[in-house]
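# Summary of the model geometry
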Amino acid sequence: MNGASIETMLRAAGCAALAFALLIVPAMFPDFLVYQFSVALTYAIAILGLNLLMGFNGQISVAQGVFFAVGAYTTAIFMTRYGMNYLLTLPIAVLTASILGLLVGIPALRWQGLPLAFITFGLAVLGPPLALKLEPITKGATGISMIKPAVPSWFSGNQDTFLYTLCLLGFALSALFVWRLTRGDTGRSLRAARDSDLIAESLGVHLTKVRLAAFVTCSGMAGFAGGLFAIVNGFVSPESFQMTKSFDFLVGSIVGGITSISGSLIGALLIVFLPDWAADMNIALSGLIYGAVLVVMMLIARDGVMGLLSTLLTALRTRIIATRATATADDRLSGRRIQI
Amino acid sequence: MTIRSFAKLTLVPDMQLFLQQIVEGLASGAIYASLAIALVLIYRATRIVNFAQGEMATLSAYFAWQLNQWGMPFWLSLIIVAAVSFVMGALVFRLIMRPVLGASDNTMVVVCIGLFVGFEAVALWFWGADPHAFPRIFPDYAWTIGGVRLTANNLGILATLCLLTVGLSALFRYTRIGLAMRASAAEREKSPLVGIPVENMLMLGWGLAATVGFIAAALIAPSLFLSPPMMVSVVIYALAAATLGGWDSLAGAIVGGLVVGIAESLCATFIGFIGTDLKVGVPFALMAIVLLARPQGLFGTSAVIRA
Amino acid sequence: MTAVLQVHGLRAGYGSIRVLHGIDFEVKEGEIVAFLGANGAGKTTTLRALSGIIPARGAILLDGQDVIAMSADKRAQRGIAHIPQGRGTFVDFTVAENLALGAYLLRDKAAIRSALDYWDDIFPWLAARRNQPAGSLSGGEQQMLAVARALMTKPRILMCDEPSLGLAPTTTQSLFSLLDRLSNERGMAILLVEQNARLTLKIAHRAYVIESGEMKLAGSAAELRDNPLIRQAYLGA
């Protein structure tokens, strides 16, 4: 059994453990925490979209919170104004967020790098006032309240558990989607476009199409996440979508690992639980930690927590192989066979 | 010729309101321009756009305020904190930016956002969220000319900005060290070959920009009241101002700031949909237009965009 | 003649890629030493390791003192002048600013003045183009400017990385006769990295041939010119 298959086994075991942990959450925790985990799952979907855009395609977006908000409001509006079933609103949420993503993504093609950061930052700042301004549709500062979906008869569990399961399904779908997307040719095109324009073009990658598609997909996923969030939360208002939400998603993406699917969960858990925990001690603490984390991550662990774990795994694997190699050399020298 | 007869000639319905809005726009524009100058300065000296410039400046302003609260004469606290800001900027460069110098744009952006969040949190930690009154630098006079009100504060800020720009431009153009700073920013690899200690130059640039940022904060704080997120709303305007003016032009930062200020003021007053609610859409729209139509800005020579 | 530059066991590379595997060579006062070799052999890497742009291991003795531990700007202070590959000028800066940058280490106004006068004599066209951006000059003019810039401080050794790249043959001739003149008139030690072996061997005193990061041949210019291997590989005859 060589190092590579040990690593694959470890990864598979890790995924299985993670899946198991996610499944038993409702059984392990009180209702309010289950609700928070549900929220974390929706955030994880948004972060996943960001990973797709930033990690795999190299375009920066400080406006993920805005697309998230668009999805959330779409769901809220269609549920309350048009009495639509909550599940049906989700594709529409994806659609509206994607359209906005297209509108931003097209000029974004000319704004690679720093200018894209400025523009998306400006968008994030513009979001809340815009939500307030469009009061006829968004109900302004009052916000929109929705009735949370009733638990279907075939489901054994209370409403929080049901909503949690819904979010879990949503996350699983998103994770599978991103996993498939980044594995094959699309993944290669994405990464080529990120690393080098020249190489990408020589590989026959259509840079504009790939970049635009990545941007639209990222915003669509944020819309999906936002829609789910609205359903779980039962309430949307500009308060929940301040500029800091976009920063939160950015932090979540960086900490978890900008190209990691499981990392999005870690990042999401961080941004859901850290502010509450830190606020108990000092209102400024979560800001300090976020700031420090972002800076330190860029200095020593650019691939986030999952990247660190991955490096550890590789280091372990190299050590195992190295020890084996020296052992083999030794026993050749001494003419003996050594059992490992 | 009076204002009214001029108005009749140009068919502007309420000339007085129009002119007043222009003056208001110039006042807020001066505020945006102050931060923009610090941003452009850092860019010219180090090719980095430091999102956190405003937050670092706010922290410096808090230092000055605190010293003053403890009984130090205001002018002395300004001088001391100007020096402290320089050291702070140089340290931030040395400890945090230097290790990531060669990294991608995106990494830099993330680090700067980290500094942004972190510095605001530090101010929040020590001084809380409540706004404080900041001592005035300029006396409280105002003049009314032809129905339009000009304050000593506005003029004072504009004058200070002009002085700063002239001084800094002269530094960059006519001095040996200014040349070395520009070379270190533009040609990081070649500059050591002529004996320029590049990292020291970059550190100098950051220190200088931090001091300029502090001056901006001290100019702004009397009007906006000192609080941790004081500069947060200014940052987007300053970014738009610098983009409009051109990232490698200090004079452009002033012009850009004033244009953004006037545009915002006029749009807020005369375009109903925007009003005061969506004022922040004005810098956003301006920035988007400039980046699409003329990426290098009005006075810039090369685009920030690396094609 | 004393050795200005002595290099022992120079090892350098980029990240995990090792390019130079320990090379030895030297340059004496008043000598033009040519560094020949194919693309990727390690010629440019050698110069970058010498001037300090990239880290290196081994010994680099300038006038007997080991500068390997010094940063690039300190090495420039000691007297190592490097004209890098491509345009050795500061492209976005004016001709005057380029020369001012070259004179960065000179504090004495008189020294700067006399250096500028010297170069105005050699290149009369310089004065007329004072305020033009260096990037607007022709390739040949830029290389001349780069030489002037590099020599403002009267360095101990001048290292040129493929100065003839992209230049017309006549321009290359002028450039090389300038280098020749500098070597004769001022006793300048010059390390010349080139692919154009024929012209280079005409002005060089000695030459080294480097291949895959290792020193393959060394000798006087005459010896190398007559060497059948060299003739075949680099002189096409």
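Just above, that's the structure.
All of the points below concern the structure found in this document. Being a predicted model, the structure only gives us computed values, none of them experimental.

## Details of the overall build of chain B
When helices and strands are tallied, chain B shows eleven helices and two strands. Listing every helix and strand of chain B by position from the N terminus yields α-α-α-α-α-β-β-α-α-α-α-α-α. A compact globule built from 307 residues should have a C-alpha radius of gyration of about 19 Å, and chain B, at 20 Å, falls within 12% of that. Judged by the C-alpha coordinates and their principal axes, chain B covers about 65 × 50 × 35 Å. Looking at chain B as a whole, 54% of its 307 residues are labelled buried. Partitioning the contacts of chain B with sequence separation of at least 6, the portion at a separation of at least 24 is 73%.

## Points about the overall build of chain C
For chain C, the helix and strand inventory stands at ten helices and ten strands. When the backbone C-alpha atoms are referred to their principal axes, chain C occupies close to 45 × 40 × 35 Å. Expressed as a percentage of the 237 residues in chain C, the buried residues total 45%. Taking all contacts inside chain C whose residues are at least 6 apart in sequence as the whole, residues at least 24 apart take part in 68%.

## Describing the pairing of strand 8 (residues 189-194) of chain C
Residues and elements named next belong to chain C. For strand 8, the tally of buried residues reaches six of six residues, placing the bulk of the element in the interior. Taking every second residue as pointing to the same face, both faces of strand 8 are buried, with Ala189, Leu191 and Val193 on one and Ile190, Leu192 and Glu194 on the other. Pairing geometry for strand 3 (residues 32-36) and strand 8, over five bridges, is parallel. By the bridge assignment, Ala34 is partnered in strand 8 with Leu192.

## Some words on the interface of chain B and chain A
Listed by partner, the interface residues are 36 residues for chain B and 38 residues for chain A. Contributing elements (two or more residues each) for the side of chain B that touches chain A: helix 5 (105-127), helix 9 (232-245) and helix 11 (281-293) of chain B. With 16 residues, the single largest contributor to the side of chain B that touches chain A is helix 5 of chain B.

## Section: the packing of helix 9 of chain B against helix 11 of chain B
Residue and element names in this part refer to chain B. Across the interface, helix 9 lies against helix 11 with an axial gap of 9 Å and an inter-helix angle of 25°. Our classification of the angle between helix 9 and helix 11 gives roughly parallel. Between helix 9 and helix 11 lies a crossing of left-handed hand. Note on element contacts: helix 11 touches helix 9 through Pro283, Phe284, Leu286, Met287, Val290 and Leu291, opposite Ile236, Tyr237, Leu239, Ala240, Thr243 and Leu244. Here the contact of helix 9 with helix 11 is built from residues that sort into eleven nonpolar, one polar and no charged.

## Observations regarding helix 13 (residues 285-300) of chain A
For helix 13 of chain A, built from 16 residues, the straight-helix expectation of 22 Å at 1.5 Å per residue is met to within 8% by its first-to-last C-alpha distance of 22 Å. Three or more residues of helix 13 of chain A are buried, namely Ser286(A), Gly287(A), Tyr290(A), Gly291(A), Val293(A), Leu294(A), Val295(A), Met297(A) and Met298(A).

## Describing the interface of chain C and chain B
By a widely used convention, the size of an interface equals the accessible area lost when the partners come together. Each side of the interface is counted separately: chain C has 18 residues, and chain B has 14 residues. Its residues placed into classes, the side of chain C that touches chain B shows nine nonpolar, six polar and three charged.

## Here we look at the environment of Asp161(C)
Residue and element names in this part refer to chain C. Locating Asp161 in the fold gives a position in strand 7 (residues 157-161). In this structure the C-alpha to C-alpha distance between Asp161 and Gln195, which are 34 residues apart in sequence, comes to 9.7 Å. With sequence-adjacent residues up to four places away left out, Asp161 is seen in contact with Thr44, Leu47, Ile83, Pro84, Gln85 and Val193.

## Notes on the sheet that holds strand 2 (residues 17-28) of chain C
All names here are of chain C. The four strands lie next to each other as 2-1-4-5, forming an open sheet whose pairing is antiparallel. The two strands at the open ends of the sheet, each matched to only one other strand, are strand 2 and strand 5 (65-66). Here six bridges tie strand 1 (residues 3-14) to strand 4 (residues 56-62), and the two strands are oriented antiparallel to one another. From the neighbouring strand, Val7 faces strand 4, where its bridge partner is Ile60. Across the sheet, helix 1 (residues 43-51) lies against strand 1, strand 2 and strand 4, angled at about 70° from strand 2, the strand it touches most.

## A word on the pairing of strand 6 (residues 80-83) of chain C
Residue and element names in this part refer to chain C. Here strand 6 shows two buried faces, one formed by Ile80 and His82 and the other by Ala81 and Ile83. Pairing geometry for strand 6 and strand 7, over four bridges, is parallel. Its bridge partner being in strand 7, His82 is matched across the sheet by Met159.

## Here's the deal with the packing of helix 2 (residues 15-46) of chain B against helix 10 (residues 250-270) of chain B
Residue and element names in this part refer to chain B. The N-to-C vectors of helix 2 and helix 10 enclose an angle of 140°; their axes lie 6 Å apart at closest approach. Considering the angle they form, helix 2 stands oblique to helix 10. When the axes of helix 2 and helix 10 are compared, the crossing they make is right-handed. Taken together, the residues of the contact of helix 2 with helix 10 break down into 17 nonpolar, nine polar and two charged.

## Things to note about helix 7 (residues 159-183) of chain A
Taking 1.5 Å of rise per residue, 25 residues should cover 36 Å, and helix 7 of chain A covers 36 Å from first to last C-alpha, within 8% of that figure. Those residues of helix 7 of chain A not exposed but buried are Asp160(A), Leu163(A), Tyr164(A), Leu166(A), Cys167(A), Gly170(A), Phe171(A), Ser174(A) and Val178(A).

## As for the nonpolar core
Counting residues in hydrophobic clusters, the biggest one holds 279 residues, and the most contacted among them are Leu294(A) and Ile37(B). For this core, the leading source of residues is helix 8 (residues 198-224) of chain B, giving 18 residues. When near neighbours in sequence (up to four residues on either side) are disregarded, Leu294(A) contacts Val251(A), Ile254(A), Val110(B), Val111(B), Ile113(B), Gly114(B) and Val117(B).

## A few points about the environment of Ala210(B)
All names here are of chain B. Inspection of the secondary structure puts Ala210 in helix 8. Residue classification places Ala210 among the buried positions, given that 29 C-beta atoms sit within 10 Å. Residues Ala210 and Ser85 lie 125 residues apart in sequence; the distance between their C-alpha atoms is 5.5 Å. If sequence neighbours within four positions are ignored, Ala210 has contacts with Met56, Ser85, Phe86, Met88 and Gly89.

What counts as what
- Residues numbered from 1 in each chain as written.
- Chains lettered and ligands numbered in written order.
- Predicted model: local features only at pLDDT ≥ 70, side-chain atom pairs only at ≥ 80, totals over all residues.
- Helix = DSSP H or I, 4+ residues; strand = E, 2+ residues; numbered from the N terminus.
- Rg over C-alpha atoms; globule rule 2.2 N^0.38 Å.
- Buried ≥ 20, exposed ≤ 12 C-beta atoms within 10 Å, placed from the backbone.
- Contact = placed C-beta atoms within 7 Å.
- Pairing = 2+ DSSP bridges.
- Axes fitted to C-alpha atoms, helices over the stretch in contact; angles between N-to-C directions.
- Parallel < 35°, antiparallel > 145°, perpendicular 65-115°, else oblique.
- Left-handed = near helix turned anticlockwise from the far one by under 90°.
- Nonpolar A, V, L, I, M, F, W, Y, C, P; charged D, E, K, R; others polar.
- Expected span 1.5 Å × (residues − 1).
- Core = buried A, V, L, I, M, F, W, Y, C linked by C-beta atoms within 7 Å.

Spatial relationships are all this shows, so hold off on functional conclusions.
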